[in-house]
Amino acid sequence: MASAPRVSVVTPFYNTAKYLEACIQSVLGQTLTDFEYILVNNHSTDGSRDIAARYAALDPRIRLVDNPAFVGQVENYNGALALISPGTRWVKLIQADDELLPEALFSLVQAGEKSPRIGLVGSLFLKGDKPSGGGLPLGTTQIDGRELCRRMLLTDCFPLGSPSSVLYRADLVRARKPFYALGRYHEDTEAAYEILLEHDFGFVHQVLSFLRTDNVSIMSAARRFSPDALDHLIVLSNYGARVLPPEEYQQKFYWEWRAYMGFLGESVWMRREKEFWKYHRDGLSQTGHALTWRELLPATLHTGVRLFLSPLTTVRQWRSRGRPQ
């Protein structure tokens with residue numbers, strides 16, 4: 001019996017004909033060739049399946065699977081990950097609108113196989129035309145997972161990127177059912193934190209993937225709701241007490257909460273739309289807190305006083321923070 005390929009590469013897709021061919025070609029152009037490639041069609045209607053079928057007919061490593069019924073994006077990703085072959089050692093999810101650089105699989109796998117403690121591997125990546133994914137000192141190729149969680153909660157260090165920029169250990173993917181928890185705002189980040197609580201993180205100081213920013217996606221749509229402060233508060237609430245000493249966690253949460261309430265207080269005066277408030281109300285519920293006027297009123301009044309005393313300075317501050325249009 002032939003041995004299993006070393007890597008399962010997975011691309012779930014839905015109506016991404018504009019980008020899918022470039023994504024597939026980037027996978028087939030890898031210098032590491034010992035992989036299977038699973039393409040999962042979520043009832044596309046724009047010709048995406050025809051593109052995938054054409055490549056599947058040309059390369060035996062490709063397996064094209066059609067979902068029996070249309071599902072949501074996270075369910076589509078979970079279903080695709082459930083199709084990886086038994087015996088593969090690593091899983092590389094590449095989103096249909098992203099691309100891998102030729103050395104990606106080789107470099108990520110090489111970094112992951114340096115230690116059995118490593119459960120997740122990341123690298124530098126291009127986000128649009130900007131290099132991203134830094135924060136770890138040059139020369140750091142392995143770090144304790146809990147220590148990395150701590151750094152991500154307390155500093156600007158964030159080497160996780162997106163599913164397209166990391167490599168998962170396959171046995172950990174098989175053990176989590178579903179791999180990505182449903183109903184979360186950032187299910188991929190939370191899956192990474194869960195892995196890092198028990199395993200080390202491997203890192204490659206090299207740009208190995210390209211994440212597209214000019215496409216419409218769930219994340220790009222959410223940008224107009226200014227989600228960054230909420231995102232960090234959710235992760236801090238869910239994992240801070242597990243990696244930070246109690247006093248340090250309480251102090252960090254206090255300042256994060258205060259800054260977040262200040263942002264929402266400004267948003268009241270900016271007369272943000274109903275969808276904005278629903279986004280933040282639903283997200284805040286994931287921390288076990290409710291968005292109430294008791295919490296919001298002091299920050300709103302404080303912003304009102306600032307606006308009254310120094311209207312031009314306050315408005316400039318809002319604009320400098322880049323309110324989405």
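To keep things clear, this report deals only with the structure shown in the data block.

1. Brief notes about the pattern of salt bridges
Summed over the entire model, instances satisfying the criterion amount to 16 salt bridges. A salt bridge links Arg-242 to Glu-194; the shortest N-O distance between them is 3.7 Å. With a gap of 48 residues between them, Arg-242 in helix α9 (residues 228-243) and Glu-194 in helix α7 (residues 187-196) connect regions that are remote in the sequence. Within the structure, one salt-bridge network assembled from shared partners comprises Arg-6, Arg-89 and Glu-113.

2. Comments concerning the packing of helix α5 (residues 145-154) against α9
Where α5 meets α9, the axes come as close as 10 Å, and the angle between the chain directions of the two elements is 140 degrees. By the angle class used here, α5 and α9 are oblique. The two elements α5 and α9 meet at a crossing, and its hand is left-handed. Contacts between α5 and α9 involve Arg-146, Cys-149, Arg-150, Met-152 and Leu-153 from the former and His-232, Val-235, Leu-236, Tyr-239, Gly-240, Arg-242 and Val-243 from the latter. Per-class residue counts for the contact of α5 with α9 are 7 nonpolar, 2 polar and 3 charged.

3. Description of the pairing of strand β1 (residues 7-13)
Burial of β1 is extensive: 7 of the 7 residues sit out of reach of the surface. The two faces of β1 match: Val-7, Val-9, Thr-11 and Phe-13 on one face and Ser-8, Val-10 and Pro-12 on the other face are all buried. In this structure, β1 lies alongside strand β2 (residues 35-41), joined through 7 bridges in parallel fashion. Within the sheet, the bridge partner assigned to Val-9 lies in β2 and is Tyr-37. Tracing the backbone out of β1, into helix α1 (residues 17-28) and back to the parallel element β2 gives a crossover that is right-handed. Summarising the sheet, β1 and strand β4 (residues 90-93) pair through 4 bridges and their orientation is parallel. Residue pairing in the sheet places Val-7 in a bridge with Trp-90 of β4.

4. Details of the packing of aromatic side chains
In this description, an aromatic ring pair is defined by two values, namely the gap between the centres and the angle between the planes. Using the criterion set out here, one finds 12 aromatic pairs in the structure. For the ring pair Phe-253 and Trp-257, a centre distance of 6.0 Å and an interplane angle of 20 degrees mean the geometry is stacked. Of this pair, Phe-253 and Trp-257 both sit in helix α10 (residues 246-269), 4 residues apart, which is roughly one turn of the helix. Just as Phe-253 is buried, Trp-257 falls in that class too. Taken together, a centroid distance of 5.0 Å and an interplanar angle of 90 degrees make the contact between Phe-276 and Trp-277 edge-to-face. Pair check on accessibility: Phe-276 and Trp-277 agree, each one buried. The structure contains a cluster of three or more aromatic residues connected by ring pairs, namely Tyr-260, Phe-263, Phe-276 and Trp-277. In this arrangement the basic side chain of Arg-176 is found over the ring face of Phe-179, its NZ or CZ atom lying 5.4 Å from the centre.

5. Here we look at the environment of Val-40
As for its placement among the helices and strands, Val-40 is situated in strand β2. Leaving out residues up to four positions away in the same chain, Val-40 has contacts with Thr-11, Pro-12, Phe-13, Val-65, Asn-67, Asn-76, Ala-80 and Leu-83.

6. Remarks on the pairing of strand β10 (residues 200-211)
Burial analysis of β10 places 9 of its 12 residues in the buried class, the great majority of the element. Where strand β5 (residues 99-100) meets β10, 2 bridges bridge the pair, whose relative direction is antiparallel. Residue pairing in the sheet places Leu-100 in a bridge with Ser-209 of β10. Bridge analysis of strand β8 (residues 142-143) against β10 gives 2 bridges, and the strand direction is antiparallel. Considered in β10, the bridge of Gln-142 is made with Gly-202.

The rules behind these values
Residues numbered from 1 in each chain as written. Predicted model: local features only at pLDDT ≥ 70, side-chain atom pairs only at ≥ 80, totals over all residues. Heavy atoms only, no water. Salt bridge = Lys/Arg side-chain N within 4 Å of Asp/Glu carboxyl O. Helix = DSSP H or I, 4+ residues; strand = E, 2+ residues; numbered from the N terminus. Axes fitted to C-alpha atoms, helices over the stretch in contact; angles between N-to-C directions. Parallel < 35°, antiparallel > 145°, perpendicular 65-115°, else oblique. Left-handed = near helix turned anticlockwise from the far one by under 90°. Contact = heavy atoms within 4.5 Å. Nonpolar A, V, L, I, M, F, W, Y, C, P; charged D, E, K, R; others polar. Buried < 20%, exposed > 50% of the residue type's maximum accessible area, 1.4 Å probe, protein only. Pairing = 2+ DSSP bridges. Right-handed = clockwise from strand over helix to strand, strands pointing away. Phe/Tyr/Trp six-rings, centres within 6.5 Å; stacked < 30°, edge-to-face > 60°. Lys NZ or Arg CZ within 6 Å of the ring centre and 35° of its normal.

Geometric values such as these leave the question of function open.
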